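# Summary of structural features
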Amino acid sequence: MNELASLFIRSAFVENMPLTLFLGLCTFLALSRRPGTAVGLGIAVIAVMGVTVPVNHLLYQFVLAPGAWTWAGLPDLDLSYLRLLTFIGVVSAAVQLVEMVLDRYLPALITTFGVFLSLLAVHCAILGGSLFMADRSYNLAESAVFGLGSGTGFAVAVIMLSAIRRRLVYADLPAGLQGLGIAFILTGMMSLGFSTFAQMALP
Amino acid sequence: MLPWSTVTDPILRQNPVTLQILGICSALAVTTTLAAAATMAAALTVVIVCAAAIISLLRNHLPSSIRLIMQIIIVASLVIVVDQLLQAYFYEMSQRLSVFVSLIATNCVVLGRTESFALHNRPLPAMADALGNGLGYSLVLIILGSLRELFGRGTLLGYEVLRTVEQGGWFEPLNLMLLAPSAFFLLGGLVWAIRSWRTEQVETSEFGLTRVKEPGS
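Residues numbered from 1 in each chain as written. Chains lettered and ligands numbered in written order. Predicted model: local features only at pLDDT ≥ 70, side-chain atom pairs only at ≥ 80, totals over all residues. Heavy atoms only, no water.

### What to know about the overall build of chain A
Put simply, the rule is: Helical segments are the DSSP runs of H or I of at least four residues, strand segments are the runs of E of at least two, and each set is numbered from the N terminus. When a residue's accessible area, from a 1.4 Å probe over protein chains only, is under 20% of the maximum for its type it is buried; when over 50% it is exposed; and in between it is partly exposed. Whether two residues touch is decided by their heavy atoms; if any such pair falls within 4.5 Å, the residues are in contact. Here, Shrake-Rupley sampling with a 1.4 Å probe gives the accessible areas, and only protein chains in the shown set may cover a residue.
Along its length, chain A carries 9 helices and 0 strands. Shown N-terminal to C-terminal, the secondary structure of chain A runs as helices and strands in the order α-α-α-α-α-α-α-α-α. In terms of its C-alpha atoms, chain A occupies a principal-axis envelope of roughly 70 × 45 × 35 Å. Counting across all 203 residues of chain A, residues that qualify as buried make up 50%. Taking the intrachain contacts of chain A between residues at least 6 apart in sequence as the baseline, contacts between residues at least 24 apart amount to 74%. For chain A, the exposed surface amounts to about 9,000 Å²; the carbon and sulfur share of it is 68%.

### A word on the overall build of chain B
What chain B contains, in helices and strands, is 7 helices and 2 strands. Reading chain B from its N end, one meets helices and strands in the order α-α-α-α-α-α-β-β-α. For chain B, with 217 residues in total, the buried portion stands at 48%. Intrachain contacts of chain B at a sequence separation of at least 6 include 73% that bridge at least 24 residues. With the model as given, the accessible surface of chain B reaches about 10,900 Å², and the carbon-plus-sulfur share is 63%.

### A few points about the packing of aromatic side chains
Residues and elements named next belong to chain A. Heads up, the rule is: Each pair of aromatic rings taken from Phe, Tyr and Trp, with Trp reduced to its six-membered ring, is defined by centres within 6.5 Å and is described as stacked if the planes are under 30 degrees apart, edge-to-face if over 60, and tilted in the remaining cases.
Going through the model one piece at a time under the given rule, you end up with 7 aromatic pairs over all chains. When the ring of Tyr138 is compared with that of Phe146, the centres are 5.2 Å apart and the planes differ by 45 degrees; the resulting orientation is tilted. Under the relative-accessibility criterion, Phe146 is labelled buried at 2%. A network of ring pairs unites the aromatic residues Phe13, Phe194 and Phe197 as a single cluster.

### Some words on the pattern of salt bridges
In a structure, side chains of opposite charge can pair up when their charged atoms sit close to one another. Residues and elements named next belong to chain B. We count it as follows: Basic side-chain nitrogens of Lys or Arg form a salt bridge, by our definition, when they fall within 4 Å of a carboxyl oxygen of Asp or Glu.
Applying the stated criterion across every chain, the model contains 3 salt bridges over all chains. When the shortest N-O distance is used, the salt bridge between Arg113 and Asp129 registers 3.1 Å. Remark: Asp129 occurs in helix α6 (residues 123-153) and Arg113 occurs in helix α5 (residues 108-116); sequence separation between them is 16 residues. Considered together, Arg113 and Asp129 belong to a single accessibility category, that of buried residues.

### Structural notes on the packing of helix α2 (residues 34-58) of chain B against α6(B)
Residues and elements named next belong to chain B. Let me state the cut-off plainly: Here, axes are lines fitted to C-alpha atoms. For helices the fit covers the stretch in contact, and angles between N-to-C directions go from 0 to 180 degrees. Note on angle classes: values under 35 degrees are labelled roughly parallel, values over 145 roughly antiparallel, values of 65 to 115 roughly perpendicular, and the remainder oblique. Under this grouping Gly is polar, as are all residues other than the nonpolar Ala, Val, Leu, Ile, Met, Phe, Trp, Tyr, Cys and Pro and the charged Asp, Glu, Lys and Arg.
Closest axis-to-axis distance for the α2/α6 pair is 8 Å, and the angle between their directions is 170 degrees. Taken together, the axes of α2 and α6 are roughly antiparallel relative to one another. Residue composition of the contact of α2 with α6, grouped by class: 19 nonpolar, 7 polar and 1 charged.

### With respect to the interface of chain B and chain A
For clarity, the threshold we go by: The quantity reported as buried area is the accessible area (1.4 Å probe) lost by two parts once they are put together, taken as the sum for both. Identification of polar contacts relies on pairs of N or O atoms within 3.5 Å, with a donor-acceptor requirement for protein atoms, meaning one able to donate a hydrogen and the other able to accept it, and with residues adjacent in sequence counted only if both atoms are side-chain atoms.
Counting residues at the interface gives 44 residues for chain B and 42 residues for chain A. Of the roughly 3,800 Å² buried at the junction of chain B and chain A (both faces included), carbon and sulfur atoms supply 79%. Where chain B packs against chain A, one counts 0 salt bridges. Connecting chain B to chain A are 0 residue pairs in polar contact (both at pLDDT 80 or more). Elements supplying a minimum of two residues to the side of chain B that touches chain A: α3 (67-89), α5 and α7 (180-197) of chain B. Broken down by element, the side of chain B that touches chain A gets its largest block of residues, 10 residues, from α7(B). Residues of the side of chain B that touches chain A, tallied by class, amount to 30 nonpolar, 11 polar and 3 charged.

### Here we look at the nonpolar core
Going by this rule: Nonpolar cores were defined as sets of buried Ala, Val, Leu, Ile, Met, Phe, Trp, Tyr and Cys residues, with membership established by side-chain atoms within 4.5 Å.
One finds Leu23(A), Phe28(A), Leu84(A) and Ile104(B) to be the most contacted residues of the largest nonpolar core, which totals 103 residues. Element by element, the count of residues in this core is highest for α2(B), at 11 residues. In this structure, Ile104(B) is in contact with Met40(B), Ala43(B), Leu44(B), Val47(B), Val79(B) and Val110(B), ignoring residues within four places of it in sequence.

### Observations regarding unusual backbone geometry
All names here are of chain A. Not every positive phi belongs to a glycine, and Phe22 is a case in point at roughly 60 degrees. The topology assignment puts Phe22 in the loop between α2 (17-20) and α3 (25-30). Its identity is not glycine, yet Ser137 carries a phi of approximately 45 degrees, on the positive side. Here Ser137 is to be found in the loop between α7 (124-136) and α8 (140-167).

### Remarks on the confidence of the model for chain B
Residues and elements named next belong to chain B. Inclusion rule: Known as pLDDT, the predictor's confidence for each residue is given on a scale from 0 to 100.
Per-chain confidence: chain B averages 80 in pLDDT, with 88% of residues scoring 70 or above. Least confident of the elements in chain B is helix α1 (residues 5-8), whose mean pLDDT is 74; most confident is α2, at 90. Across the interface, the model reports ipTM at 0.80; the global pTM reads 0.83.

### Structural notes on the environment of Ala37(B)
Residue and element names in this part refer to chain B. The topology assignment puts Ala37 in helix α2. By relative accessible area, Ala37 is classed as buried at 0%. Sequence separation of Ala37 and Pro63 is 26 residues, and the distance between their C-alpha atoms is 37 Å. The contacts of Ala37, once residues within four sequence positions are left out, are Val30, Thr31, Leu141 and Gly145.

### Side note on a nonpolar patch on the surface
Residue and element names in this part refer to chain B. Spelled out, the test is: Patch building starts from residues that exceed 30% relative accessible area and form no salt bridge, then joins like charges within 9 Å and nonpolar side chains (Val, Leu, Ile, Met, Phe, Trp, Tyr) within 5 Å.
A cluster of nonpolar side chains, Leu139, Ile143, Leu147, Phe151 and Leu174, forms an exposed patch at the surface whose accessible area comes to about 350 Å². Tracing the backbone shows Leu139 in helix α6. Owing to a relative accessible area of 34%, Leu139 belongs among the partly exposed residues under this scheme.

Dropping the structure here:
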């Protein structure tokens, strides 16, 4: 239990997806102009990562990993080079499914972040989460916790950045820094702040 | 005849990274050394040019309802080929790049160019446009990679340029350059530099201060 808690903290803060691993930066910078959209994006990322990482883990372990087909008399079969295609397929399908479920039961919610949901199909943080899971060979519980933790880390970071950018709309910046330039520098400062988590002693 | 500007425009004037915020996702993590940045840039350029050629050839046969998933599959297959080639011939480099080569598949530069350009153009212009965007992306990666390696370790491509204190020289390596935040600061500075030079790229602020005419003057 303790190990899972520390994995959650580590994936959310120490190895924060956008700030220390540079994953998902496109949406991180493009959709952080307003806190409202940032909250929607954060929730969507948590939901999709929490689902896709464990599902991909099951697929990887039972279909793609080297030796997964031993029971069928094919111990040498190694399909792990197909993991990229499989993971992308699962992520797009999961995004589509979440969209359909929400459309059916919570149509109000889909109007708030409907557009970002379809964007998540090609989100590097989500795909990266699954690839890291396969690289580090987590088990099922670990991959579920890792998915939720990374999603939470992304949500926290994007909401914080949007709040800071909101405060900066009245600032008189140099013309060249307006918009994207200052967003990068703010992200750098947040990344400096998050790098102190690496020194934290985990239980 | 192919206009030359299709290739040269995206390199500086319409740079995909600094102007359109595309494709920075998987890019920044690999810029701690110049060699890694150059490998990543080459891999991306190969993938984007091949993907543009294939998608442009298929453009009249792709029903628009499944075009996104088809593009993703084509790009992902090309990425797998590049990844396997890297593992076969440059094993150490592919270990250092780890998952970031696979993440070219979700790189917005690739999908953005195939979706907005290759789907509507003949193969040759599509490839030229893809090459230009690949080179624009490579330029940013190589600038960042050389700055970070030069000031973080005092070397370029592994050769000593600035003799560090440990080696008996004068240069004190800036360890910050090897950490994540420096990439953001450098990219922010790069955006600032390009936009001060090319002022038409400046974003207008929503609530910025503007000079108003004083009454009576």
